[in-house]
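Structural features, examined
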Amino acid sequence: MRQLVLDLLPETRPSLDNFVAGSNGEALTGLAAWLEPTNRESLFFLWGDAGAGKSHLLQACPALYSDARLDPDLSALTPDGDFRAVDNVEALSDRGQITLFNLINRLRDNSGRLLAAASVPPLHLALREDLRTRLGSGLLYRLQPLSDAEKLAALADQASARGLVLPPEAFSYLFSRAPRDMRSLASLLIVIDRYSLEQKRPITLPLLREVLQTSLKL
């Protein structure tokens, strides 16, 4: 069972199409417009609480992605490339802040683009003043986390799109026992679908219990 679930866990690449917008339709529309080749704004900044979807959107765009939590110095940044995405900028080290400041200037001077994200707006970041000013000079959008009702509705829509027949209590059961971020819930739905097919069993609460118990032990 353990190996089966490991084999079934999907690698779903983030995209704008599989982002569940909820109340973030304005931000999603703004990002899509900014990505158009005719848009000349060089910087787009997303902020919001954990789980709101910032990392999803940054990774969904055709940019070279960096995560300041994993690389606070931005040491992996290379001088090439005209579209960059830097996540969790609040985690930047002093060296990383200088690197990002210089990157913003280079991209702006060469018609490049930067997509950045943090938990708070630029004004409230504990960063260098000149970097905060640069980050705040572009387009700013706040992302709101999905409400519980929005997550359940999105999960039901995804199940319907896959042709899954789940018992009425299945969604509340999953929601109360599985990780509650949308990406985990959507991935788990795929695991359940594949496991049901592998076992040639309908999706029932006992089957959901098997999948969840095994997943929690991984």
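Structure: above.
Remember, predicted model here, so these are calculated numbers, not experimental data. (Residues numbered from 1 in each chain as written. Predicted model: local features only at pLDDT ≥ 70, side-chain atom pairs only at ≥ 80, totals over all residues. Heavy atoms only, no water.)

What to know about helix α4 (residues 94–109)
For clarity, the cut-off: By the criteria applied, helices consist of DSSP H or I runs no shorter than four residues and strands consist of E runs no shorter than two, each listed in order from the N terminus. For a helix, the expected span equals 1.5 Å multiplied by the residue count minus one. To sort residues, take the accessible area from a 1.4 Å probe on protein chains only and compare it with the maximum for the residue type: under 20% means buried, over 50% means exposed, and anything in between is partly exposed. Contact between two residues is taken to exist if any of their heavy atoms lie within 4.5 Å; hydrogens are not considered.
Its 16 residues place the ends of α4 23 Å apart at the C-alpha level, agreeing with the 22 Å of an ideal helix rising 1.5 Å per residue. Three or more residues of α4 are buried, namely Gly96, Gln97, Leu100, Phe101, Leu103, Ile104, Asn105 and Leu107. In the core, the buried residues of α4 are packed alongside β1 (43–48), β3 (83–87), β4 (113–118) and α5 (129–135). Following α4 by one or two positions, Ser111 adopts a phi angle in the positive range, close to 60 degrees.

Observations regarding the packing of aromatic side chains
Aromatic ring pairs are described here by two measures, namely the spacing of the ring centres and the angle between the planes. Note the cut-off: Ring geometry is summarised as follows: Phe, Tyr and Trp rings, the Trp one being its six-membered ring, pair when their centres sit within 6.5 Å, and such pairs are stacked at plane angles under 30 degrees, edge-to-face over 60 and tilted between the two. Only lysine NZ and arginine CZ atoms are considered, and such an atom sits over a ring when it is within 6 Å of the ring centre and within 35 degrees of the ring normal.
According to the stated counting rule, one finds three aromatic pairs in the structure shown. Arranged with centres 5.7 Å apart and planes meeting at 70 degrees, the rings of Trp34 and Phe83 form a pair that is edge-to-face. You can see Trp34 sitting in helix α2 (residues 25–34) and its partner Phe83 sitting in strand β3, a full 49 residues away along the chain. Taken as a pair, Trp34 and Phe83 share a single burial class, namely buried. Summarising the aromatic geometry, the rings of Phe44 and Tyr141 are spaced 5.1 Å apart at their centres and angled 10 degrees between planes, so their arrangement reads as stacked. Placement of Phe44 in strand β1 and of Tyr141 in strand β5 (residues 139–143) is noted, with a sequence separation of 97 residues between them. The class of Phe44 is buried, set by a relative accessible area of 0%. Connected via pairs of aromatic rings, a cluster forms that spans Trp34, Phe44, Phe83 and Tyr141. Between Arg113 and the ring centre of Trp34, over which it is positioned, the NZ or CZ distance is 5.3 Å. The ring centre of Phe101 lies 5.5 Å from the NZ or CZ of Arg128, which sits over that ring.

So, the packing of helix α6 (residues 148–161) against helix α8 (residues 182–199)
Worth spelling out the cut-off: As a rule, the C-alpha atoms of each element are fitted with a line to give its axis, helices using only the stretch in contact, and angles between N-to-C directions run from 0 to 180 degrees. Small angles under 35 degrees read as roughly parallel and large ones over 145 as roughly antiparallel, with 65 to 115 read as roughly perpendicular and the rest as oblique. Note on convention: near helix rotated counterclockwise from far helix by under a right angle means a left-handed crossing. Clockwise means right-handed. In this classification, the charged set is Asp, Glu, Lys and Arg, the nonpolar set is Ala, Val, Leu, Ile, Met, Phe, Trp, Tyr, Cys and Pro, and all remaining amino acids, among them Gly, are polar.
Where α6 contacts α8, the axes come no closer than 10 Å and their chain directions differ by 30 degrees. In terms of orientation, α6 and α8 fall into the roughly parallel class. The handedness of the crossing between α6 and α8 is right-handed. Counting all contacts with α6, which are made through Lys151, Ala154, Leu155, Gln158 and Ala159, the residues of α8 involved are Met182, Leu185, Ala186 and Leu189. Class assignment for the residues of the contact of α6 with α8 results in seven nonpolar, one polar and one charged.

As for the packing of α6 against helix α7 (residues 170–177)
Contact pair α6 / α7: the axes reach a minimum separation of 11 Å and the direction vectors enclose 125 degrees. As summarised for this structure, α6 and α7 are arranged oblique, according to the angle between their axes. The handedness of the crossing between α6 and α7 is right-handed. Of the residues in α7, those touching α6 at Asp148, Lys151, Leu152, Leu155, Ala156 and Ala159 are Phe171, Leu174 and Phe175. Here the contact of α6 with α7 is composed, by residue class, of seven nonpolar, no polar and two charged.

Quick word on the pairing of β3
Selection criterion: For two strands to count as paired, DSSP must find a minimum of two bridges between them. With the strands pointing away from the viewer, any crossover whose connection runs clockwise from the first strand over the helix to the second is right-handed.
Across the five residues of β3, five count as buried, placing the element largely inside the fold. Relative to β3, strand β2 (residues 64–67) runs parallel, the two sharing four bridges. Directly across from Leu64, in β3, lies its bridge partner Arg84. Alignment of β3 against β4, held across four bridges, turns out to be parallel. Pairing of Val86 across the sheet is with Ala116, part of β4. Crossover handedness for the path β3 to α4 to β4: right-handed.

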